[in-house]
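A structural walkthrough
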Amino acid sequence: MNTAISLGTLRLKNPVLVASGTFGYAEEFKNLIKVERLGALVTKTITLCPRQGNLPPRIAETPSGMLNSIGLENKGLDNFIKEKLPHLKKLDTPIVVSIAGESLNEYAELAKKLSLKGISALELNLSCPNIKAAKIKNQRGTLISQDASATYKVIKAVRRSTKKTIIAKLTPNVGDISLIARAAEDAGADSISLVNTFLAMSIDIKSKKPKLANITGGLSGPAIKPIALRMVWEVARAVKIPVVGCGGIMTASDAIEFIIAGARAVQIGTANFVNPKAATDIILGIKDYMRINKITNINKLIGSLKV
Ligand SMILES: Cc1cc2nc3c(=O)[nH]c(=O)nc-3n(C[C@H](O)[C@H](O)[C@H](O)COP(=O)(O)O)c2cc1C
């Protein structure tokens, strides 16, 4: 049975990745799951300079999902290269480093400095809803991937700075996701991942205060799955580069839905908090489905939606 897929020059033994920000830098998980079984591991987003993130509370549970407003807390690029990368390199699984800049030049600089051995690809986080708009905005004051021309410019700048596979991670908080995806493809992205979280909020009616100190945050988990699935289906029809589907995938059957809709790979996020073995369970479940349905090559399942 062949479960191998490729994203740009990156070849993965199976199509299941863990999503940025939900698997740390693997330290917490490496004794809980067999990390080498993952298709690839996407790190928590790193930025050029250290970031403290937003004030707590920055997590709230919602029906069938969760809100987070972490705000890209991380210790910055230099610390990542010195403290995290050596450990990550020892893991027998491809490492995708997620990066976010506060300007076009920062994205390019991060990409250049991360053109290091042991890093298989870069995922550009063009879509974190938790950084104040003033910090990471284009001329219209929105997130980068809410604007096709800003998306194009950032990816083009990164493309010039690195030969690594570029995965552009998009926000679902837009009207026409295909427009943004096409801009990413035109600028030279090798793959598109979607979705990041949906901008959302929750209120404690006793105190009348928002449940998150940041007031708003990003919604993830099963609640967003049908919307994410629709967006992945739309984008897979709009671009030629591979799409990585993400959003509310908790089980193998969820993952298979995304693959049938056109995703070449999937990322597992919130499910890791519920079950640290979620991603490896999903890999086994996909293999079972292939066996039962006599599918010898996963690539035959991709985009096999019957309409
Ligand atoms: C606590 C938390 C932190 C996250 N941090 C990041 C991040 O640093 N970078 C990023 O690109 N996405 C981040 N995400 C978004 C996830 O990678 C994923 O796109 C999103 O949660 C949807 O997938 P899910 O429903 O499977 O969780 C985070 C999500 C959660 C829940």
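See the structure printed just above.
Just so you know, these numbers come straight off a predicted model, no measurement behind them.

A tally of regular secondary structure across the protein chain gives eight helices and 16 strands. By the compact-globule yardstick of 19 Å for 307 residues, the protein chain fits well, its C-alpha radius of gyration being 18 Å. If one aligns the C-alpha atoms of the protein chain with their principal axes, the spans along those axes are about 50 × 50 × 40 Å. For the protein chain, with 307 residues in total, the buried portion stands at 57%. Only carbon and sulfur atoms are counted for the fraction: they give 54% of the accessible area of the protein chain, which is about 13,700 Å². Each charge class in the protein chain can be summarised by its mean position, and for the 43 positive and 23 negative side chains these summaries are 2 Å apart.

Taken together, 23 residues lie near the ligand, and Ser20, Thr45, Gly221, Gly248 and Thr270 sit nearest. Residue Asn125 places a side-chain N or O atom 3.2 Å away from an oxygen atom belonging to the ligand. Measuring from an oxygen atom of the ligand, one finds a backbone N or O atom of Gly221 at 2.8 Å. In isolation the ligand exposes 610 Å². Once the protein is present, 97% of that is buried. Taken atom by atom, the bulk of the ligand overlaps the largest pocket. Looking at the shell around the ligand residue by residue, the class counts come to seven nonpolar, 14 polar and two charged.

Right, let's talk about the packing of helix H2 (residues 104-113) against helix H3 (residues 148-161) for a bit. Contact pair H2 / H3: the axes reach a minimum separation of 8 Å and the direction vectors enclose 30°. Our classification of the angle between H2 and H3 gives roughly parallel. Here the hand of the crossing between H2 and H3 comes out right-handed. Residues Leu104, Tyr107, Ala108, Ala111 and Lys112 of H2 pack against Lys153, Val154, Ala157, Val158 and Ser161 of H3.

What follows concerns helix H4 (residues 177-186). Counting buried positions over the ten residues of H4 gives seven, a clear majority of the element. Taken residue by residue, H4 has Ile177, Ser178, Ile180, Ala181, Ala183, Ala184 and Glu185 as its buried positions. You can read the cap of H4 off the contacts: a side-chain oxygen lies 3.1 Å from the backbone nitrogen of Ser178, and it is on Asp176. Backbone geometry just downstream of H4 places Gly188 in the positive-phi region, at approximately 110°.

Moving on, we get to the pairing of strand S6 (residues 65-68). Burial along S6 is two-sided: Gly65 and Leu67 and Met66 and Asn68, pointing in opposite directions, are all buried. Sheet topology note: the S6/strand S14 (residues 216-220) ladder contains three bridges and is antiparallel. Across the sheet, the residue bridging to Met66 is Ser220, located in S14.

Before going further, it helps to examine the packing of H4 against helix H5 (residues 225-238). It is at 9 Å that the axes of H4 and H5 come closest, and there the two elements cross at 45°. Our classification of the angle between H4 and H5 gives oblique. Of the two elements, H4 crosses H5, and the hand of that crossing is right-handed. Together, Ile177, Ser178, Ala181, Arg182 and Glu185 of H4 and Met231, Glu234, Val235 and Ala238 of H5 make up the contact between the two elements.

Sheet architecture is open: four strands sit in the order S5-S6-S14-S11, paired in antiparallel fashion. Of all the strands in the sheet, the pair left with one neighbour each is strand S5 (59-62) and strand S11 (198-201). On average, each strand axis in the sheet is tilted by 40° relative to the strand beside it, whichever way the strands run.

Rules of the game
Residues numbered from 1 in each chain as written. Predicted model: local features only at pLDDT ≥ 70, side-chain atom pairs only at ≥ 80, totals over all residues. Heavy atoms only, no water. Helix = DSSP H or I, 4+ residues; strand = E, 2+ residues; numbered from the N terminus. Rg over C-alpha atoms; globule rule 2.2 N^0.38 Å. Buried < 20%, exposed > 50% of the residue type's maximum accessible area, 1.4 Å probe, protein only. Areas by Shrake-Rupley, 256 points an atom, 1.4 Å probe, with all protein chains shown as cover. Lys, Arg positive; Asp, Glu negative; His and termini not counted. Charge placed at Lys NZ, Arg CZ, Asp CG, Glu CD. Near = heavy atom within 4 Å. Polar contact = N/O pair within 3.5 Å; in protein donor to acceptor, adjacent residues only side chain to side chain. 1 Å grid on protein atoms, 1.4 Å probe; cavity = no way out; pocket = protein on both sides within 12 Å on 5 of 7 lines; lining within 4 Å. Sits in = over half its atoms within 2 Å of the grid points. Nonpolar A, V, L, I, M, F, W, Y, C, P; charged D, E, K, R; others polar. Axes fitted to C-alpha atoms, helices over the stretch in contact; angles between N-to-C directions. Parallel < 35°, antiparallel > 145°, perpendicular 65-115°, else oblique. Left-handed = near helix turned anticlockwise from the far one by under 90°. Contact = heavy atoms within 4.5 Å. Pairing = 2+ DSSP bridges.

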